[in-house]
Amino acid sequence: MNKYRSFVSVVLILEILLALACNGLYIAGERSEGGRMYRVEANRAAMELEKHAFPEDELADMDLSAYESIVRISRFDAGEACNNDYVVKEVNGVLYRIEYRTERDFYGLFCINATLFVMMFITGIVLFYVHKKVLKPFHAMSSLSYELAKGNLSAPVKEEKSKLFGRFLWGMDMLREKLEDNKEKELEFQRERKTLILSLSHDIKTPLSSIDLYARALSGGLYETQEKRDEALSGITRNVREIKKYVDEIVTASREDFLNLEVFSGEFYLSEVIRTTEDYYRDKLSVIHTRMDVERFSDCLLKGDKNRLIEVLQNIMENAVKYGDGDFIKIRCGEEEDCKLIQIENSGCSLQVEELPNLFDSFYRGSNSHGIKGNGLGLYICKSLMHKMDGEIYAQVKKGIFCVTVVVRKA
């Protein structure tokens, strides 16, 4: 801000100097032009005096109407006072005082100064607007980003009604609120996870102690009859099942809290989803020389979360790029009762049919994933999202073609 104030001061000073320079040049030009006029007329008057040789008593009656600037001609007397500007000319050995007066064009000077004043006024308005509508919002945004970087998410952004940055600042404030909400959810999740671990640790201790006692008794030969030994084995099996149940609870809770997938149900057209996906991947696939075909389809109204469905299709497309042979990727649509089928096919599939049931499990990666980065969550996320939208997703392998079908409900 201090630099901007210095810049404004420099601009205003330069404009004032420009105004002074323009005034000076205009006045100098006026004087120069007027000077040329009176000098020319003074020379003409001197020539007339030389030609006619007017006596001194007739000089006052000399006709000066032909001269624009000369007002009086008289014999030069150094002691005589004169209110007008004059020049002294020597004619036939006699000195004559030729008095003149020049008219100043004050209207032109007024127009110049008025124009310069309007320019300075407009410049001031523009600089003030830049400060109010551009620099001040930017200063607020820089402060917000600095606070966000420090982790201070509680200070809201002041509302800005400017069309230039109002929407941007509103989006930044939404981002701040989202980060703050995620931070609170993360803290709550950490508390719940610690509570769950402590609770399950306490619950698992009991069956583990029983298994330990049974194992010691069996290894020490404390059970003399086969019936007793069978009862001990049955007790171990029962406690193992109980521990397994606790482990399943941990896995289920971890999955649910890990992803935290939110879906907002609404209505949208199929063409919106297909065109968005096509526009996003058309140029990307052309760079890697992969052919992309989108078959013609009949548009219809779908039910679900449009952004989440686009996310699902993008996950499938990313897998097609990573695990396919780069020959082609095809998108087609089909019908099934009150649902719309969106199918994405890619060539070069080396996946075994036996692996299909596990593809949508979390952290599962197929036999064709060696040397390819990934975490095995893409298709699991797709399945979770589709189930939340009352839809379905499944995969097929046909003659080296991998096909993922997304089932979406019609509105």
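Refer to the structure above for everything that follows.
Here is a short report on the structure shown in this document.

Calculation rules
Residues numbered from 1 in each chain as written. Predicted model: local features only at pLDDT ≥ 70, side-chain atom pairs only at ≥ 80, totals over all residues. Heavy atoms only, no water. Pairing = 2+ DSSP bridges. Helix = DSSP H or I, 4+ residues; strand = E, 2+ residues; numbered from the N terminus. Axes fitted to C-alpha atoms, helices over the stretch in contact; angles between N-to-C directions. Contact = heavy atoms within 4.5 Å. Salt bridge = Lys/Arg side-chain N within 4 Å of Asp/Glu carboxyl O. Buried < 20%, exposed > 50% of the residue type's maximum accessible area, 1.4 Å probe, protein only.

### Side note on the sheet that holds strand β5 (residues 291-294)
Paired through their backbone hydrogen bonds, the strands of a sheet run either parallel or antiparallel. The five strands are arranged β5-β7-β8-β10-β9 in an open sheet whose pairing can be described as mixed. Sheet topology places β5 and β9 (392-398) at the edges, where each strand pairs with a single neighbour. On average, each strand axis in the sheet is inclined to that of its neighbour by 20 degrees, with strand direction left out of account. In the packing of helix α5 (residues 270-287) onto the sheet, contacts are made with β5, β7 (328-336) and β8 (339-347), and the angle to β5 comes to roughly 165 degrees. Each of β9 and β10 (401-409) is contacted by helix α7 (residues 378-388), which is oriented at about 135 degrees to β9, the strand it contacts most.

### Points about the pattern of salt bridges
Where charged atoms of side chains with opposite charge meet at close range, the side chains can pair. This model, assessed by the stated rule, comprises 17 salt bridges. For Glu-295, the salt bridge goes to Arg-332, with nearest N and O atoms at 3.6 Å. With a gap of 37 residues between them, Glu-295 in the loop between β5 and β6 (301-304) and Arg-332 in strand β7 connect regions that are remote in the sequence. Given a relative accessible area of 25%, Arg-332 falls into the partly exposed group. Its salt-bridge partner being Arg-409, residue Asp-338 comes within 3.4 Å of it at the nearest N-O pair. Taken as a pair, Asp-338 in the loop between β7 and β8 and Arg-409 in strand β10 lie far apart in primary sequence, 71 residues in all. Relative accessible area serves as the criterion here: at 26%, Arg-409 is assigned to the partly exposed category. Residues participating in the shared-partner salt-bridge network are Arg-72, Glu-80, Arg-97 and Glu-99.

### Here's the deal with the sheet that holds strand β1 (residues 70-75)
Across the sheet, which stays open at both edges, the three strands sit in the order β1-β3-β2 with antiparallel pairing between neighbours. The open sheet has two free edges, formed respectively by β1 and β2 (85-91), since each of these has just one partner strand. On average, each strand axis in the sheet is inclined to that of its neighbour by 25 degrees, with strand direction left out of account.

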